[in-house]
Amino acid sequence: MSDAVQLIMNGLIIGSIYALVATGFSLIYNVTKFVHFAHGRVVAFAAYIFYLLIKLGLGLPLSIILTIIIASIFGAVIDWIVYRPLRKRKASAAVLLIASIGLMILLNSAILAVAGADVKSIPITNPVFDVWGARITQLQVIIIAMVFLLLIGLYFFMKHTKLGKAMRATADNNAVAQTVGINPQKMYTYVFMIGSGLAGVAGILVGLEQNLFPEMGTSMIIKGFTGAVIGGMSSVPGSVAGSLFVGLVENIGIWWLPSGYKDAIAFALLFVFLLFKPKGMFGGKS
């Protein structure tokens, strides 16, 4: 029984991190209407920035704040330098997708060149508690609580603020949004900042919970993309549910399979949903 509880706990914890990645990814997709695969590299970029700030001795609270700010600015810079010029040339979603894949490769090479290929870790004091026979760390409790609060905050931001409503209007109908005075280009930049800020939080949590390595962004975007597809690419809440589902299935799956099959489980889920339910569990809802 304790093993089952442990696996479920682990699934919820890693699923929460996947949910942050998937939420930012889905938010960008819904507003801009293209797949930003370089989003996973923003997670890795933020994790390494956080590691650097900690090494510089800035302390945990200040490093967290600065990392989120830097990640948000980095997202805006990506939009300004890469995607905005392509949009001005009326580039199709396919061209933007190819650009995002190129950017993904470029950022991975840049991280590898600057940070090196060796695995890095951030040492922290992390007490362990027993919960229903399972072992959970203080950091893992913080991860679940922080992700929950962030996602609730994002929901209220999108539903009840002027900027959030403008983003939803742009996502629903770009042309109509322009007729009521909404500047889509500004909305694209804002959504990249918010999505990249969420990626920054995910990078921080991954950096504290796991080891850092240059390819970590690939794993994060695969899991985030899978969660978004399972929940429904057009549904941000669905992306959260899909990501939690991925985390749970992965960890329950390794009860019978070796841990090296976790990525294979995620790919299998992705293929099943793409083949049999491409709109996801909550597809069609915005």
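For the structure itself, look to the data block above.
Moving on: the packing of helix 2 (residues 39-55) against helix 4 (residues 93-115). At a closest axis distance of 10 Å, the pairing of helix 2 and helix 4 adopts a crossing angle of 20°. One finds that helix 2 runs roughly parallel with respect to helix 4. In terms of crossing hand, the pair formed by helix 2 and helix 4 is left-handed. Residues Arg41, Ala44, Phe45 and Tyr48 of helix 2 form the contact with helix 4, whose participating residues are Met104, Leu107, Asn108, Ile111 and Ala115. Considered class by class, the residues forming the contact of helix 2 with helix 4 number 7 nonpolar, 1 polar and 1 charged.

We now examine the nonpolar core. One broad rule of soluble globular proteins: the nonpolar side chains tend to lie buried together. Ile17, Leu20 and Tyr83 are the most contacted members of the largest nonpolar core, which totals 76 residues. Element by element, the count of residues in this core is highest for helix 1 (residues 2-32), at 13 residues. Beyond its immediate stretch of four places on either side in the chain, leucine 20 contacts Val147, Leu150, Leu151, Leu198, Val201, Ala202 and Leu205.

Scanning the model with the defined rule gives 10 aromatic pairs in all. Ring centres of phenylalanine 267 and phenylalanine 271 lie 6.4 Å apart, and the angle between their planes is 25°; this geometry places the pair in the stacked category. Of this pair, phenylalanine 267 and phenylalanine 271 both sit in helix 11 (residues 262-276), 4 residues apart, which is roughly one turn of the helix. Joined through ring pairs, the aromatic side chains of Phe25, Phe37 and Phe225 make up one cluster.

Looking at where glycine 24 falls in the secondary structure, it is placed in helix 1. Considered as a pair, glycine 24 and valine 236 are 212 residues apart in the sequence and their alpha carbons are 8.5 Å apart. Setting aside residues no more than four positions away along its own chain, glycine 24 makes contact with His39, Gly195 and Leu198.

Right, let's talk about a nonpolar patch on the surface for a bit. Taken together, the side chains of Ile8, Leu12, Ile252, Trp255, Trp256, Leu257 and Tyr261 make up a nonpolar region of the molecular surface, amounting to roughly 720 Å² of accessible area. With respect to the helices and strands, the residue leucine 257 is situated in the loop between helix 10 (236-253) and helix 11.

Looking now at the side chain of threonine 23. Relative to the elements of secondary structure, threonine 23 occurs in helix 1. In terms of polar contacts, threonine 23 uses its side chain to reach the backbone carbonyl oxygen of alanine 19, at 2.6 Å. Once residues within four sequence positions are removed from consideration, threonine 23 is found in contact with Leu151, Leu154, Leu198, Val236 and Val240.

This next bit is on unusual backbone geometry. Of note in the backbone geometry, lysine 33 takes a positive phi value of approximately 65° without being a glycine. Judged by relative accessible area, which is 45%, lysine 33 ranks as partly exposed. Phi at lysine 90 takes a positive value of approximately 60°, unusual for a residue other than glycine. Tracing the backbone shows lysine 90 in the loop between helix 3 (60-88) and helix 4.

This part is about helix 8 (residues 184-209). End to end, helix 8 covers 37 Å across 26 residues, agreeing with the expected 38 Å (1.5 Å per residue, within 8%). Along helix 8, 20 of the 26 residues are buried, which leaves the element largely enclosed by surrounding structure. N-cap assignment for helix 8: the residue whose side-chain oxygen lies 3.0 Å from the backbone N of glutamine 185 is asparagine 183.

With that settled, the discussion passes to the pattern of salt bridges. On inspection of all chains with the given rule, the structure shows 4 salt bridges. Between aspartate 79 and arginine 87 there is a salt bridge, and its shortest N-O distance comes to 2.9 Å. On the basis of relative accessibility, which here comes to 0%, the residue aspartate 79 falls in the buried class. On the basis of relative accessibility, which here comes to 14%, the residue arginine 87 falls in the buried class. Across the pair lysine 223 and glutamate 250 runs a salt bridge whose closest N-O atoms are separated by 2.9 Å.

Time to look at the side chain of histidine 36. The topology assignment puts histidine 36 in the loop between helix 1 and helix 2. A relative accessible area of 2% places histidine 36 in the buried class. At 2.9 Å, the side chain of histidine 36 forms a polar contact with the side chain of tyrosine 83. Excluding residues within four positions of it along the chain, histidine 36 makes contact with Phe25, Ile28, Ile78, Tyr83, Ser100, Phe192 and Ile221.

About the thresholds
- Residues numbered from 1 in each chain as written.
- Predicted model: local features only at pLDDT ≥ 70, side-chain atom pairs only at ≥ 80, totals over all residues.
- Heavy atoms only, no water.
- Axes fitted to C-alpha atoms, helices over the stretch in contact; angles between N-to-C directions.
- Helix = DSSP H or I, 4+ residues; strand = E, 2+ residues; numbered from the N terminus.
- Parallel < 35°, antiparallel > 145°, perpendicular 65-115°, else oblique.
- Left-handed = near helix turned anticlockwise from the far one by under 90°.
- Contact = heavy atoms within 4.5 Å.
- Nonpolar A, V, L, I, M, F, W, Y, C, P; charged D, E, K, R; others polar.
- Core = buried A, V, L, I, M, F, W, Y, C linked by side-chain atoms within 4.5 Å.
- Buried < 20%, exposed > 50% of the residue type's maximum accessible area, 1.4 Å probe, protein only.
- Phe/Tyr/Trp six-rings, centres within 6.5 Å; stacked < 30°, edge-to-face > 60°.
- Patch = residues over 30% accessible without salt bridge, like charges linked within 9 Å, V, L, I, M, F, W, Y side chains within 5 Å.
- Areas by Shrake-Rupley, 256 points an atom, 1.4 Å probe, with all protein chains shown as cover.
- Salt bridge = Lys/Arg side-chain N within 4 Å of Asp/Glu carboxyl O.
- Polar contact = N/O pair within 3.5 Å; in protein donor to acceptor, adjacent residues only side chain to side chain.
- Expected span 1.5 Å × (residues − 1).

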